[in-house]
Amino acid sequence: MKPFSIAGIQMFVSAVHSNVEMMKHKIELTVSIYPWVDMILFSELCAFGPLTSHALVDTTEFEQVFCKLAKKHAIWIVPGSLYTKRDDKIYNSTLAINPQGEVVSRYDKLFPFYPYEEGVTPGTSFAYFDVPDIGRFGLTICYDLWFPEIARTLATHGVEVILHPTLTPTIDREVELAIVQATSATNQCFIFDVNGIGAGGNGRSSICGPEGRVLYTANVGEEIIPIELNMERVQRSREYGLLRLGQPLKSFRDCQVQFEIYQNKTPNAYLNSLGDLVKAPRKISLDKALEQFDKPNN
């Protein structure tokens, strides 16, 4: 067995003020209760909430806070994500800090949640890092997981654990949980999906293993979620098959088909026919709706 322990922090997130002090408290609490934990992972936009108006131009002070805590406790920390502003563009960004207090990976969300995450610029590169003697970890943020190309790309680079801070406050959380489970199965990897509560989401964080099985699903309140992963399970699943059955990564490797959607750079006619990426409009005008509301019942 090759054990590695991650604690997901499902905590209340305010959209009004900074949540950094509470994040610091949660780290201290976690290492006190669970001294065996190797990594702590927070949810998307946990530090400053979901408003782009809170975007940081200079992240130095923010990063130093968590670098010091990582070094103090000799743990890995992924402090969720935050909006950052660079060259007059806003990004949804996360980072990974090693136990020496060094930032070893940075990632900008590739798929902002358009049209709702308006004004956020997509990232342009993937991010993964190695934990010495343990394995390879990849970073994704929220809506990224809806696009299987991202998880598959990480898997083909040897990523064994996908760290997935998310912020889902909407009625599609049930769908997202299904995607987490399906993605872990099709890529034969662990997925550590951490949602917030309050302005940070509706909870129900989920951890899935390389056989596609759910290891734990949180409730809708604050939780510290310490899970010990057996990293050997990833390699065994990929070598011998998911539940000793399907071997999707090998089949993908051996497939002889050239998928035209990825080869052809010409815009796809069908996808273009779907219209602009905008919020769904009202089916009828507000005035007409009020007019119908005021009609007497027959």
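Residues numbered from 1 in each chain as written. Predicted model: local features only at pLDDT ≥ 70, side-chain atom pairs only at ≥ 80, totals over all residues. Heavy atoms only, no water.

A.B. asks: Account for the overall build of the protein chain, with residues named and values stated.
C.D. replies: Along its length, the protein chain carries nine helices and 16 strands. Against the globule reference of 19 Å for 298 residues, the protein chain gives a C-alpha radius of gyration of 21 Å, in line with a compact fold. In terms of overall dimensions, the protein chain has C-alpha extents of about 70 × 50 × 45 Å along its principal axes. Evaluated residue by residue, the protein chain yields a buried proportion of 48% over its 298 residues. (Helix = DSSP H or I, 4+ residues; strand = E, 2+ residues; numbered from the N terminus. Rg over C-alpha atoms; globule rule 2.2 N^0.38 Å. Buried < 20%, exposed > 50% of the residue type's maximum accessible area, 1.4 Å probe, protein only.)

A.B. asks: Can you lay out the packing of aromatic side chains for me, pointing to particular residues and giving the numbers?
C.D. replies: Enumeration over the complete set of coordinates arrives at 12 aromatic pairs. Judged by centre distance (5.9 Å) and plane angle (15 degrees), the rings of F129 and F137 are stacked. Here F129 and F137 have matching classes, each one buried. By way of ring pairs, the aromatic residues F111, F113, Y116, Y143, W146 and F147 are connected into one cluster. For R86, the ring lying beneath its charged end belongs to Y91, and the centroid distance is 4.1 Å. (Phe/Tyr/Trp six-rings, centres within 6.5 Å; stacked < 30°, edge-to-face > 60°. Lys NZ or Arg CZ within 6 Å of the ring centre and 35° of its normal.)

A.B. asks: Could you give an account of the sheet that holds strand β2 (residues 12–13), naming the residues involved and the relevant values?
C.D. replies: Judged by pairing direction, the sheet is mixed, and its three strands sit side by side in the order β2-β12-β13 without closing on themselves. Across the chains shown, the open sheet's two edge strands, defined by having one partner strand only, are β2 and β13 (201–202). Across two bridges, the pairing between strand β12 (residues 197–198) and β13 is antiparallel. If you follow G198 over to β13, its bridge partner there is G201. (Pairing = 2+ DSSP bridges.)

A.B. asks: Give a description of the sheet that holds strand β10 (residues 161–165) that names residues and reports values.
C.D. replies: Neighbouring strands of a sheet are bound in pairs by backbone hydrogen bonds; such pairs are parallel or else antiparallel. Strand order in the open sheet formed by six strands is β8-β9-β10-β11-β14-β15, and the pairing between neighbours is mixed. Strand pairing shows two members of the sheet lacking a second neighbour, β8 (128–131) and β15 (214–217), which therefore form its edges. Sheet twist, expressed as the mean angle between neighbouring strand axes with direction ignored, is 15 degrees. For strand β14 (residues 206–208) and β15, the ladder comprises three bridges, and the chain directions are antiparallel. Residue S206 lies in a different strand from β15, and its bridge partner there is T217. (Axes fitted to C-alpha atoms, helices over the stretch in contact; angles between N-to-C directions.)

A.B. asks: Requested: an account of the nonpolar core, with residues and values cited.
C.D. replies: With 40 residues, the main nonpolar core has F4, I6, F129, F137 and L163 as its most contacted residues. The element contributing the most residues to this core is strand β11 (residues 190–194), with four residues. Other than its neighbours up to four places away in sequence, F137 contacts F4, I6, M39, A127, Y128, F129, V131, V159, V161, L163 and M231. Within the second largest apolar cluster, 26 residues are counted, among which are L56, C67, A70 and L82. (Core = buried A, V, L, I, M, F, W, Y, C linked by side-chain atoms within 4.5 Å. Contact = heavy atoms within 4.5 Å.)

A.B. asks: An account of the side chain of T59 is requested, with residue identities and associated values reported.
C.D. replies: Its location among the elements puts T59 in the loop between β3 (39–42) and α2 (60–73). Judged by relative accessible area, which is 19%, T59 ranks as buried.

A.B. asks: Would you mind going over helix α1 (residues 20–33) in detail, with residue names and values included?
C.D. replies: The terminal C-alpha atoms of α1, which comprises 14 residues, lie 20 Å apart, in line with the 20 Å expected from a rise of 1.5 Å per residue. Taken together, the buried positions of α1 are occupied by V20, M23, K26, I27, T30 and V31. One side of α1 carries all its buried residues, which in axial view fall inside an arc of 120 degrees. Turned more than 90 degrees away from the buried face of α1, the exposed residues are E21 and S32. Looking at the buried residues of α1, the elements they touch are β1 (3–10), β3, α2, β4 (76–78) and β16 (223–230). (Expected span 1.5 Å × (residues − 1). Arc of directions from axis to C-beta.)

A.B. asks: Pulling in residues and values, what's your account of the pairing of strand β7 (residues 103–108)?
C.D. replies: Here five bridges tie strand β6 (residues 89–97) to β7, and the two strands are oriented antiparallel to one another. Paired with S93 across the two strands is D108, which belongs to β7.

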